[in-house]
Every structure is written in C-alpha cells, then in structure tokens.
Amino acid sequence: MRPQLVVSAAASTAVDRAEREPELVYGINTVGAGAVAEAANRLGVPIVHLSTDYVFDGKKRGSYRETDALAPLKVYGAAPRHLISRTSWMYSPFGANFVKTTLRLASARKEIAVVADQRGNPSSALDIADAILRAAVTMGEVAAYGTYHVAGSGTTSWADFARHVFSSSRARGGRGQRFVTYQPPNLPLGCPAH
Ligand SMILES: NC(=O)c1ccc[n+]([C@@H]2O[C@H](COP(=O)([O-])OP(=O)(O)OC[C@H]3O[C@@H](n4cnc5c(N)ncnc54)[C@H](OP(=O)(O)O)[C@@H]3O)[C@@H](O)[C@H]2O)c1
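Computed from a prediction, not measured in an experiment: that's the story for all the values here.

Undergrad: Provide a residue-level description of the sheet that holds strand β2 (residues 47-51), including the pertinent values.
TA: Strand order in the open sheet formed by four strands is β1-β2-β3-β8, with parallel pairing between adjacent strands. Each of the sheet's edge strands pairs with one partner strand only, and the pair in question is β1 (6-8) and β8 (146-149). Averaged over all pairs of adjacent strands, the angle between their axes in this sheet comes to 20 degrees, without regard to strand direction. Sheet topology note: the β1/β2 ladder contains three bridges and is parallel. Bridging across to β2, S8 finds its partner in H49. In this fold helix α2 (residues 22-43) packs onto β1, β2 and β3 (82-86), with an angle of close to 165 degrees to the strand it touches most, β2. On top of the sheet, helix α4 (residues 125-137) reaches β1, β2, β3 and β8; it is set at about 160 degrees to β3, its chief contact.

Undergrad: Got a sec to walk through the confidence of the model for the protein? Specific residues and values, please.
TA: Chain-level statistics for the protein give a pLDDT mean of 85 and a share of 89% at 70 or above. Per-element averaging of pLDDT across the protein places strand β10 (residues 179-183) at the bottom with 72 and strand β7 (residues 123-124) at the top with 97.

Undergrad: Go over the nonpolar core with me, naming the residues and quoting the values.
TA: Membership of the largest hydrophobic core is limited to 10 residues, which are W89, M90, Y91, V99, W158, F161, A162, V165, F166 and V180. Elements with a contribution of two residues or more to this core: β4 (90-91) and α5 (158-171). The leading source of residues in this core is α5, at five residues. In contact with V165, not counting residues within four places along its chain, are V99, T102 and L103. Core analysis: the second largest hydrophobic core is formed by nine residues, A33, A37, V48 and A79 among them.

Undergrad: Before we move on, can you summarise the packing of helix α3 (residues 98-108) against α5 with the specific residues and values?
TA: Contact pair α3 / α5: the axes reach a minimum separation of 10 Å and the direction vectors enclose 65 degrees. Remark: the crossing between α3 and α5 carries right-handed chirality. Residue-level contacts link F98, V99, T102, L103 and A106 of α3 to F161, A162, V165, F166 and S169 of α5. Taken together, the residues of the contact of α3 with α5 sort by class into eight nonpolar, two polar and no charged.

What counts, and at which threshold
Residue numbers restart at each chain and count upward from 1, following the sequence in its written direction. pLDDT decides what is reported in this predicted model: residues at 70 or higher carry local features, side-chain atom pairs at 80 or more are listed and counted, and totals for whole chains, interfaces and linings draw on all residues regardless. Pairing between two strands is assigned when DSSP locates at least 2 bridges connecting them. Going along the chain from the N terminus, every DSSP run of H or I of four or more residues is numbered as a helix, and every run of E of two or more is numbered as a strand. Here an angle of 0 to 180 degrees is reported between the N-to-C directions of two axes, which are lines fitted to C-alpha atoms, with helices fitted over the stretch in contact. We call two residues in contact when the distance between their C-beta atoms, placed using the backbone, is within 7 Å. The quantity known as pLDDT measures the predictor's confidence residue by residue, on a range of 0 to 100. The term nonpolar core refers to a group of buried residues, namely Ala, Val, Leu, Ile, Met, Phe, Trp, Tyr and Cys, whose C-beta atoms join them within 7 Å. Residue burial here comes from a neighbour count, namely the number of other C-beta atoms, placed from the backbone, that lie within 10 Å of the residue's own C-beta, with 20 or more meaning buried, 12 or fewer meaning exposed, and in between meaning partly exposed. The crossing is said to be left-handed when, going from far helix to near helix, the turn is anticlockwise and less than a right angle, and right-handed when the turn is clockwise. Three categories are distinguished: nonpolar for Ala, Val, Leu, Ile, Met, Phe, Trp, Tyr, Cys and Pro, charged for Asp, Glu, Lys and Arg, and polar for the others, with Gly belonging to the last.

Structure, rendered in structure tokens:
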C-alpha cells in the first residue's frame, strides 16, 4: 500500500480489560500505536492518531483548556510528522457508545443510575472525522503538526448526558427514562474511562 496519510483509530478501549490485563492493553495502546507511527514514518507519510484526555496528567482542578500544557502519561511521538487528535466521550450512530447504550437501556429498565462524579465533553465522531479530514489537507506543512483538541464545546456529567439523551429521545417520540438517579462513584482514580 502507498498511503498519503495514515489515520489510526485502533486502540484497546475496554476499561475493564485495562484493569484486568494491563500488559495486553499496554501492548496495543503504547507498543502498537508506536509501531503504526514508525510504519508511517518509514513510508514518509504523516500520521493522525486519535488520543484521549490522558494527554493531560489529570492534576488540574477544574476543566482543561486548549492552552493548558500537555503532560501525557503515555508516549505516542514515534513519528515526527504526527498530528494527535485529542478527543473525549465520543458518540455516533455506529459502533458501541454511551448514547446507544443508554437508549437501549431505556427500553429495558424503568430507572437508570448513572455516575455524576466525572465531567467531560461529549463529542460527535462525525465532527471528529470532519475535523481530521480538514486537518489532513494542511498536513504537508510542518507547522501544522502537533496535538489538537477536537472535542465538543459543552461540558456535562455522565448522568446529565443521559438525561439529555432521554429527553431528546422523548421529544422525537422515542423512549427515554424520566428518572436518572446519581450512582455513587465506583471507578478507581486513574481508571482510563473515555
Ligand atoms: N470512544 C471515546 O469516547 C473516545 C474518547 C477519546 C479517544 N478515543 C479514541 O478514539 C479511537 C477510536 O475509539 P473507539 O471509541 O472508536 O473505539 P472502538 O470502537 O473500541 O474501536 C477501536 C478499534 O481498534 C481496533 N483494535 C483494537 N485492538 C487492535 C489490535 N490489537 N490491532 C488492530 N486493531 C485493533 C478495533 O478493531 P476490531 O473492531 O477488529 O476489534 C477497533 O476497530 C481510539 O484511539 C480511542 O482511544 C475514543
């Protein structure tokens, strides 16, 4: 293959698996991501890598801003011509994601408990794909390389996100729980939740 650009969205994203099998997940998300970056470098083409909130170390109190210094807990920089696209809480009509799961639960349960202690920015995968394609056009210019934040501008908690999904669903004649209760936090600190 002779690609002009590599866009890598491959990752182990199962949070439970990361807890149970950290070496396997390190192999995929760190060694594997590095191998893809090296391959792109060998071919002499730029690489776009999808990344997470973990481009930051999580020590800041309050919301991160684009101007905050990066302090990645992992190493992705194996190719000099790279563009890291940091995103969060991704949803789309495809694959498994929070929006689809909550809508599925709406048909199965009367009441749903959702954690409210994590806040983030829900981001449409369609917007992210659009942003990556737009960025790809500028990738011949060295100045364009680096880490970009490609995330929705609104901040919310998982519980309020679920409420919004349900009320939007109801407004369109679909199912949606009227009761979303706050579930006590159950994830250990540092758990790589997307
Ligand atoms: N979802 C989010 O909210 C979110 C937030 C921030 C960043 N991201 C990042 O966005 C990217 C895509 O995430 P997603 O939500 O679309 O995840 P996903 O649905 O789990 O997709 C991950 C993809 O990686 C592939 N993959 C996993 N292990 C692999 C391996 N060893 N070799 C080759 N391919 C492998 C999977 O292939 P199979 O389909 O064959 O299993 C799957 O197509 C990831 O880099 C993720 O970290 C996602």
